Amino acid sequence: MPRVNSRVRVIGLLVCTLATALWLGWTALEHNLQQACQWRQWPYLSRCADPARQPVAQQVQALRAQIAANPGDALSYAALATFSQSPQGIGGLDGAAVLAAASQLAPQNRYVLRLLANQYVERRQWPEAADALVRLSLLHGDSEATRALAAMVGQSGSDRAQLAALVALLKADAGWLERVLSSLPAAKVPVVQAMPLVQQAMALQLVTPELGMVLIRQLMAEGAWLDAHAIWLHLWKRPLGLLFNGNFEQDFVKDGFDWNITDSNNYRAGARVQRPRIGDRGRLLQVEFTGRAIAQPVLNQHLVLAPGSYRLSGDYMANTLRSNEGLTWVFACAADRRELGRSAALKNTGGRWEKFTTELAVPGDCGVGVSLSLQTFARYEAATGLRGEMLFDKFELQATGERP
């Protein structure tokens, strides 16, 4: 129970910020009412004859008189509802009754929605709270409401009632999902805590490739490799090997579990990466070295590998490469950059395609996040630069044994 109360307090604090903003937002509402008075827009408020700085009690009296004369005046009800929930409180106002009336007459009014959200959170009425917060976020671009929703999403993994409320909203209208999930880092909510909701969204086919890549990047940054890879698999909707795009036929998907180029392919780059089509081999990886300093690694791919033994094999060819030590493919733990294995130095082959193999063992304390990267075999050659080019093709990664 203390943990439940703590979770409610987190959302409560965020929504209370909305309630506090109501009082501050009265200035904006005052401006709108003044404009209505200035242009004599219907309904013409009796308060228009009074200065904007009149005492609150007089404003409340004027609003009551206006409502008595015009029972359907939604704007006055919204204003009165704001006063009824103000920090100072207004004597004689039945806050619950005023808010109920305002929610009927002005259900999409920003101030009314904020009051309703605050009330629903205090009562732990999660479906109603989530609905009010979503409307605030989408209809009014309310950043505080978006943060409150993000807090709900983060807590939904340990609170079935909150998760059920959010899933019900997803099924009704998922327009809010991308906005809220994209705001999790800004709200300081780890994306991994949102995975129960994300899993439900994936089951409903609501995670778009754009949203999926946003989540993958954040999860990888948090070190949640299995969760990130689960979304990656969902996006491709087909079985994938241990190494992705090992034949280099597909365009690279940046920041996912595909090949990532470290340096931009401009004229200042020490290594330029291309995917030319050559004869029967089709697309392959071409790395051209320009003599400038090389950003390390040249390119890399993040992998998810259970503890165990593996073998990488592939083809390579170079005819014009000028290098003392050559290139190498290096495996390392993603968490601490600890090297797990590297290929023998790959040097000029005289224009012939040759094969290479690399063995590695992933220990249990590495975790499942592993990186495979192309580097210069000797560090100094990254600083001095290389010239020429090397081609790669037909990479394959296979498990060869049990956990070491």
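Refer to the structure above for everything that follows.
Residues numbered from 1 in each chain as written. Predicted model: local features only at pLDDT ≥ 70, side-chain atom pairs only at ≥ 80, totals over all residues. Heavy atoms only, no water.

## Quick word on the packing of helix H5 (residues 110-122) against helix H6 (residues 126-140)
It is at 8 Å that the axes of H5 and H6 come closest, and there the two elements cross at 150°. With respect to H6, the element H5 is oriented roughly antiparallel. The way H5 lies across H6 gives a crossing that is left-handed. Contacts between H5 and H6 pair Arg110, Leu113, Arg114, Ala117, Tyr120 and Val121 from the former with Trp126, Glu128, Ala129, Ala132, Leu133, Arg135, Leu136 and His140 from the latter. (Axes fitted to C-alpha atoms, helices over the stretch in contact; angles between N-to-C directions. Helix = DSSP H or I, 4+ residues; strand = E, 2+ residues; numbered from the N terminus. Parallel < 35°, antiparallel > 145°, perpendicular 65-115°, else oblique. Left-handed = near helix turned anticlockwise from the far one by under 90°. Contact = heavy atoms within 4.5 Å.)

## A word on the sheet that holds strand E10 (residues 354-362)
One key point about sheets: their strands pair by backbone hydrogen bonds, in either a parallel or an antiparallel sense. Taken in spatial order, the five strands line up as E2-E5-E12-E7-E10 in an open sheet, and their pairing is antiparallel. Only two strands of the sheet have a single neighbouring strand rather than two, namely strand E2 (271-274) and E10. Along the sheet, successive strands turn relative to each other by an average axial angle of 30°, direction set aside. (Pairing = 2+ DSSP bridges.)

## Here's the deal with the pairing of strand E8 (residues 327-333)
Buried residues dominate E8, accounting for seven of its seven residues. The sheet contact formed by E8 and strand E9 (residues 339-342) spans three bridges and is antiparallel. By the bridge assignment, phenylalanine 331 is partnered in E9 with glycine 341. Here E8 hands over to E9 after five residues, with arginine 337 in that stretch at a positive phi of 65°. (Buried < 20%, exposed > 50% of the residue type's maximum accessible area, 1.4 Å probe, protein only.)

## Here's the deal with helix H8 (residues 160-172)
The end-to-end C-alpha distance of H8 is 18 Å, a good match for the 18 Å that 13 residues give at a rise of 1.5 Å each. Looking only at H8, the buried set comprises Gln162, Leu163, Ala165, Leu166, Val167, Leu169 and Leu170. Capping the start of H8 is the job of one residue whose side-chain oxygen sits 3.0 Å from the backbone nitrogen of alanine 161: aspartate 159. (Expected span 1.5 Å × (residues − 1). Polar contact = N/O pair within 3.5 Å; in protein donor to acceptor, adjacent residues only side chain to side chain.)

## Quick notes on the packing of aromatic side chains
Scanning all chains against the criterion turns up 14 aromatic pairs. For the ring pair tryptophan 236 and phenylalanine 244, a centre distance of 5.0 Å and an interplane angle of 50° mean the geometry is tilted. With 6.2 Å between their ring centres and 70° between their planes, tyrosine 316 and phenylalanine 356 make a pair best called edge-to-face. Of this pair, tyrosine 316 sits in strand E7 (residues 308-317) while phenylalanine 356 sits in strand E10, placing them 40 residues apart in sequence. (Phe/Tyr/Trp six-rings, centres within 6.5 Å; stacked < 30°, edge-to-face > 60°.)

## With respect to empty space enclosed by the protein
What the rule picks out here adds up to one cavity of 30 Å³ or more. Its boundaries defined by the atoms lining it, the largest cavity holds a volume of some 30 Å³. Together, Ile261, Thr262, Asp263, Ala271, Ile294, Ala295, Pro297 and Val298 line the largest cavity. (1 Å grid on protein atoms, 1.4 Å probe; cavity = no way out; pocket = protein on both sides within 12 Å on 5 of 7 lines; lining within 4 Å. Points joined across faces, edges and corners; volume = space filled by probe spheres on them.)

## Focus on the environment of arginine 124
Inspection of the secondary structure assignment puts arginine 124 in the loop between H5 and H6. Taking the C-alpha atoms as reference points, arginine 124 and glutamine 162, 38 residues apart in sequence, are found 9.0 Å from one another.

## Thoughts on the environment of alanine 334
Along the chain, alanine 334 falls in the loop between E8 and E9. Owing to a relative accessible area of 17%, alanine 334 belongs among the buried residues under this scheme. In the structure, alanine 334 is positioned 38 residues away from leucine 372 in sequence and 9.3 Å away in space, judged by C-alpha atoms. Discounting chain neighbours no more than four positions away, the residues touching alanine 334 are Trp225, Gly369, Val370 and Ser371.

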